[in-house]
Amino acid sequence: SAAFASGMAAAMSIFQALAPNDHVIAPLEAYHGVLRLLRDFFASWQLAVEFVDMTDLDAVKRAVRKNTKLIWAETPSNPTLKLTDLAVVAEIAHGAGALCACDNTWSPIIQRPFELGVDLVMHSTTKYFGGHSDVLGGAVIARREDEFFQRLRAVQTIGGAVPAPFDCWLVHRGMQTLPWRIRAHSENALRVAQFLEAHP
């Protein structure tokens, strides 16, 4: 795993570890910073990016090319919380010899992408991991410390996308209460859903 100065630094390092002309399949709906990064910066650096509706698995399959190296998923998506079937998307990626990465910022603990076949899990630790709105951070956790992950770490180190020690401490502090906060979020969401379901 690798800790970053922000979630965007984590995402950027994954894309920078790819090579020119590599093909990336990305969702139509995701965190605006990631979409802008792909559209406005990496496309002009000859990273071939195709945006698809990740809820349409046939569209994901149709988007695969010979040079597809990464499928980037974000589920639930930002901002409308669309869900992607990570198990199938990971299977599509692996069938093409590509990696599957998931931005799992929205649902730590609840969703376990590695169990669904994902290769790289990214979190903006600014959000739930930090939990106190007083720190920026990001993380990439890899299923394997393979050549791609070593390249990602090299990009991170050379580019200086590393967090400050105090920021790491703040994220670590927030992680101590993460399971209890997620449980409370889930219980509250269930109560709201039950209320709305019963309301005329």
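Look up a bit, the structure's there.
Rules behind the numbers
- Residues numbered from 1 in each chain as written.
- Predicted model: local features only at pLDDT ≥ 70, side-chain atom pairs only at ≥ 80, totals over all residues.
- Heavy atoms only, no water.
- Phe/Tyr/Trp six-rings, centres within 6.5 Å; stacked < 30°, edge-to-face > 60°.
- Buried < 20%, exposed > 50% of the residue type's maximum accessible area, 1.4 Å probe, protein only.
- Lys NZ or Arg CZ within 6 Å of the ring centre and 35° of its normal.
- Helix = DSSP H or I, 4+ residues; strand = E, 2+ residues; numbered from the N terminus.
- Contact = heavy atoms within 4.5 Å.
- Pairing = 2+ DSSP bridges.
- Right-handed = clockwise from strand over helix to strand, strands pointing away.
- Axes fitted to C-alpha atoms, helices over the stretch in contact; angles between N-to-C directions.
- Polar contact = N/O pair within 3.5 Å; in protein donor to acceptor, adjacent residues only side chain to side chain.
- Core = buried A, V, L, I, M, F, W, Y, C linked by side-chain atoms within 4.5 Å.

Caption draft 1: Spotlight on the packing of aromatic side chains. A full pass over the atoms with the stated rule returns 4 aromatic pairs. With a centroid separation of 5.6 Å and 85° between ring planes, the pair formed by Phe 42 and Trp 45 is classed as edge-to-face. For Trp 45, a relative accessible area of 53% corresponds to the exposed category. Geometry around Phe 51 places Arg 39 over its ring, the cationic atom sitting 4.4 Å from the centre. The ring of Tyr 31 is capped by Lys 127, whose NZ or CZ atom sits 5.4 Å from the centre of that ring.

Caption draft 2: Looking closely at the environment of Ala 90. By the secondary structure assignment, Ala 90 is in helix H4 (residues 86-95). Residues Ala 90 and Glu 197, spaced 107 residues apart in sequence, show a C-alpha to C-alpha distance of 33 Å. With sequence-adjacent residues up to four places away left out, Ala 90 is seen in contact with Cys 100, Leu 116, Gly 117 and Val 118.

Caption draft 3: Region of interest: the pairing of strand E2 (residues 23-27). Of all 5 residues making up E2, 5 are buried, and the element is well covered by its neighbours. Neither face of E2 is exposed, since His 23, Ile 25 and Pro 27 on one face and Val 24 and Ala 26 on the opposite face are all buried. Bridging between E2 and strand E3 (residues 48-52) involves 5 bridges; their strand directions are parallel. Each residue of the ladder has a partner; that of Pro 27, found in E3, is Val 52. Between E2 and its parallel partner E3, the chain crosses via helix H2 (residues 32-42), and the hand of that crossover is right-handed.

Caption draft 4: Representation of the sheet that holds strand E7 (residues 138-142) in the model. Strand order in the open sheet formed by 7 strands is E1-E7-E6-E5-E4-E2-E3, and the pairing between neighbours is mixed. Since the sheet does not close on itself, it has two edges, and those belong to strand E1 (2-4) and E3, each with one partner. Neighbouring strand axes in the sheet, compared pairwise and without regard to direction, differ in orientation by 20° on average. Where strand E6 (residues 120-123) and E7 come together, 4 bridges link them in antiparallel fashion. Pairing of Leu 120 across the sheet is with Ala 142, part of E7. Where helix H5 (residues 147-159) meets the sheet, its contacts fall on E1, strand E5 (99-103), E6 and E7, and the angle it forms with E1 comes to roughly 30°.

Caption draft 5: Up close: the side chain of His 123. Counting through the fold element by element, His 123 comes out in strand E6. Only 3.3 Å separates the side chain of His 123 from the backbone oxygen of Asn 104, close enough to count as a polar contact. In this view, His 123 contacts Gly 7, Asn 104, Thr 105, Pro 108, Phe 129, Gly 137, Gly 138, Ala 139 and Ile 141; residues no more than four positions away in its chain are not counted.

Caption draft 6: The nonpolar core, seen in detail. Counting 28 residues, the largest nonpolar core has Phe 15, Leu 70, Trp 72, Leu 120 and Val 140 as the members making the most contacts within it. Top element by residues in this core is helix H1 (residues 7-16). It accounts for 5 residues. Sequence-distant contacts of Trp 72, defined by excluding residues within four places in its chain, comprise Ala 11, Ile 14, Phe 15, Ile 25, Ala 26, Pro 27, Val 34, Met 54, Ala 101, Asp 103 and Met 122. Membership of the second largest hydrophobic core comes to 17 residues, among which are Ile 25, Val 60, Ile 92 and Ala 93.

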